[in-house]
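# Fold and contact review
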Amino acid sequence: MVYLTATKNEKKAIQTKRYYESRGIPCEIRRNKQTFVLFTVDERYAQQAKQLRLTF
């Protein structure tokens with residue numbers, strides 16, 4: 001699993017997950033105490049997400 005991003009807001013985490021998945025990047029939300037962390041399955045998807053973040 002490769003780290004994508006983290007947020008304290010659950011709604012924002014779900015919204016970001018939907019955004020990435022609508023663009024073909026599979027991701028998963030895991031909870032670490034109060035923080036919601038988004039991960040993807042491999043480095044290739046992480047690079048695609050990084051490119052999207054520049055335009056997001």
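Residues numbered from 1 in each chain as written. Predicted model: local features only at pLDDT ≥ 70, side-chain atom pairs only at ≥ 80, totals over all residues. Heavy atoms only, no water.

Glancing now at the nonpolar core. Counting 13 residues, the largest nonpolar core has Leu 4, Tyr 20, Ile 25, Cys 27, Leu 38, Ala 49 and Leu 52 as the members making the most contacts within it. The dominant element in this core, judged by the number of residues it contributes, is helix 2 (residues 43-55), at four residues. Those residues in contact with Tyr 20, other than ones at most four positions away along the chain, are Leu 4, Ile 25, Cys 27, Leu 38, Ala 49, Leu 52 and Arg 53. (Core = buried A, V, L, I, M, F, W, Y, C linked by side-chain atoms within 4.5 Å. Buried < 20%, exposed > 50% of the residue type's maximum accessible area, 1.4 Å probe, protein only. Helix = DSSP H or I, 4+ residues; strand = E, 2+ residues; numbered from the N terminus. Contact = heavy atoms within 4.5 Å.)

A separate point is the sheet that holds strand 2 (residues 27-32). The antiparallel open sheet is built from three strands, whose spatial order is 1-3-2. Each having just a single partner strand, strand 1 (2-7) and strand 2 make up the two edges of the open sheet. Neighbour-to-neighbour, the strand axes of the sheet open up by a mean angle of 30°, direction not taken into account. As judged from the five bridges shared by strand 1 and strand 3 (residues 35-40), these two strands associate in the antiparallel manner. Paired with Thr 7 across the bridge in strand 3 is Phe 36. Relative to strand 1, helix 2 is tilted by about 40°, and along the sheet it contacts strand 1 and strand 3. (Pairing = 2+ DSSP bridges. Axes fitted to C-alpha atoms, helices over the stretch in contact; angles between N-to-C directions.)

Our next topic: the packing of aromatic side chains. According to the stated counting rule, one finds two aromatic pairs in the structure shown. Between the aromatic rings of Tyr 3 and Phe 39, the centroid separation amounts to 6.4 Å while the plane-to-plane angle is 80°, which identifies the pairing as edge-to-face. In this pair, Tyr 3 sits in strand 1 while Phe 39 sits in strand 3, placing the two residues 36 residues apart along the sequence. Taking the relative accessible area as the measure of exposure, Phe 39 reaches 17% and is therefore buried. (Phe/Tyr/Trp six-rings, centres within 6.5 Å; stacked < 30°, edge-to-face > 60°.)

With that out of the way, let us pick up the pairing of strand 3. A large share of strand 3 lies buried, amounting to six of its six residues. Neither face of strand 3 is open: one carries Thr 35, Val 37 and Phe 39, the other Phe 36, Leu 38 and Thr 40, and all of them are buried. Sheet topology places strand 2 next to strand 3; six bridges connect them, and they run antiparallel. In the strand pairing of strand 3, Ile 29 is matched with Leu 38. Linking strand 2 to strand 3, which pair antiparallel, is a turn of two residues; within it Lys 33 sits at a positive phi near 55°.

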